[in-house]
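Topology and contacts: notes
These are the residues of each chain, in order.
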Amino acid sequence: MSSVRDFELLVLLALLRRSDEPYANRIREELERGSGRRITRGALYRTLDRLEAKGLIRWDLEASEVPERGGHPRRRLAVTDPGLEAVRVRRDVLRHFFAGLEPILDGHD
């Protein structure tokens, strides 16, 4: 089982959220909207390459009808079964460590 870093986890989650439009630009938009931070293309593509090398995502080329792309194909991204399992493992670990901390984190003593 491959472990995932924090940003890798966010990329996987954004990809799952945007499975209707599984393209790097849409994933980047989701990451920026959710984190309130600017995400560079370089950081995103390095992370996508790492996730693919780990077998946690896959991509297929898709023909593009968008004139701005000049006919260049787009990468259609998808989370693999091992990627989904890696997300589940991280979710369960985080749930364990967050359990019982609501009074502290929510400011209620």
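Preceding block: the structure.
This one's a predicted model, so the numbers in the text were calculated from it and none came from an experiment.

Let's talk about the environment of leucine 77
By secondary structure assignment, the location of leucine 77 is in strand 2 (residues 74–79). Taking the C-alpha atoms as reference points, leucine 77 and proline 22, separated by 55 residues in sequence, lie 5.1 Å from one another. With sequence-adjacent residues up to four places away left out, leucine 77 is seen in contact with Leu15, Pro22, Tyr23, Ala24, Ile27, Leu48, Ile57, Arg58 and Trp59.

Considering the pattern of salt bridges
Any two side chains of opposite charge can pair, given that their charged atoms come close. Enumeration according to the criterion identifies 14 salt bridges in this entry. Here glutamate 30 and arginine 33 are joined by a salt bridge, their closest N and O atoms 3.2 Å apart. Here arginine 33 and glutamate 30 lie together in helix 2 (residues 24–35), a separation of 3 residues that amounts to about one turn. Of the residues examined, glutamate 30 reaches a relative accessible area of 16% and is grouped as buried. It is possible to trace a salt-bridge network through shared partners that takes in Arg18, Glu21, Arg26, Glu29, Glu30 and Arg33.

Some words on the layout of surface pockets
Taken as a whole, the second largest pocket encloses approximately 170 Å³ of empty space. If you trace the second largest pocket, you find it lined by Leu10, Leu13, Ala14, Arg17, Glu30, Leu31, Gly34 and Ser35. Sorting the residues of the lining of the second largest pocket by element identifies helix 1 (6–17) and helix 2 as the ones contributing at least two each. In the lining of the second largest pocket, the residues fall into 4 nonpolar, 2 polar and 2 charged.

Observations regarding the side chain of threonine 80
Mapped onto the fold, threonine 80 is located in the loop between strand 2 and helix 4 (81–98). Reaching out from threonine 80, the side chain makes a polar contact with the backbone oxygen of glycine 55 at a distance of 2.6 Å. In this view, threonine 80 contacts Gly55, Leu56, Ile57 and Arg58; residues no more than four positions away in its chain are not counted.

Overview of the packing of aromatic side chains
Using the criterion set out here, one finds 0 aromatic pairs in the structure. Over the ring of tyrosine 23 we find arginine 74, and its NZ or CZ is 3.8 Å from the ring centre. Over the ring of tryptophan 59 we find arginine 75, and its NZ or CZ is 4.8 Å from the ring centre.

Rules and cut-offs
The numbering scheme is per chain: residues are counted from 1 as the chain's sequence reads. Only residues with pLDDT of at least 70 get local features here, since the model is predicted, and only at 80 or more are side-chain atom pairs given and counted; chain-wide, interface and lining totals rely on the full set of residues. Values shown for side chains rest on all heavy atoms present in the structure; no hydrogens or waters enter the calculation. Note on conventions: DSSP H or I runs of at least 4 residues are helices, E runs of at least 2 residues are strands, and numbering of each starts at the N terminus. Only heavy atoms enter the contact rule, under which two residues are in contact if any of them lie within 4.5 Å. By convention in these notes, a salt bridge is any Lys or Arg side-chain nitrogen within 4 Å of a carboxyl oxygen on Asp or Glu. Partly exposed describes any residue whose relative accessible area lies between the buried limit of under 20% and the exposed limit of over 50%, with all areas from a 1.4 Å probe on protein chains only and scaled to the type maximum. Only protein atoms enter the 1 Å grid, on which a cavity is a set of points fitting a 1.4 Å probe that cannot get out and a pocket is an open set with protein on both sides within 12 Å along at least 5 of 7 lines, lining residues being those with an atom within 4 Å of a point. Grid points are joined across faces, edges and corners, and a volume is the space filled by probe spheres set on the points. Each residue gets one label: Ala, Val, Leu, Ile, Met, Phe, Trp, Tyr, Cys and Pro are nonpolar, Asp, Glu, Lys and Arg are charged, and the others, such as Gly, are polar. In the analysis that follows, any N or O atom pair within 3.5 Å is treated as a polar contact, provided that within protein one partner can donate a hydrogen and the other can accept it, and provided that, for residues neighboring in sequence, both atoms belong to side chains. Stacked, edge-to-face and tilted are the three classes for Phe, Tyr and Trp ring pairs, Trp counted by its six-membered ring, which pair at centre distances within 6.5 Å; planes under 30 degrees apart are stacked, over 60 edge-to-face, the rest tilted. Here, a charge over a ring means that NZ of Lys or CZ of Arg falls within 6 Å of the ring centre while also lying within 35 degrees of the ring normal.

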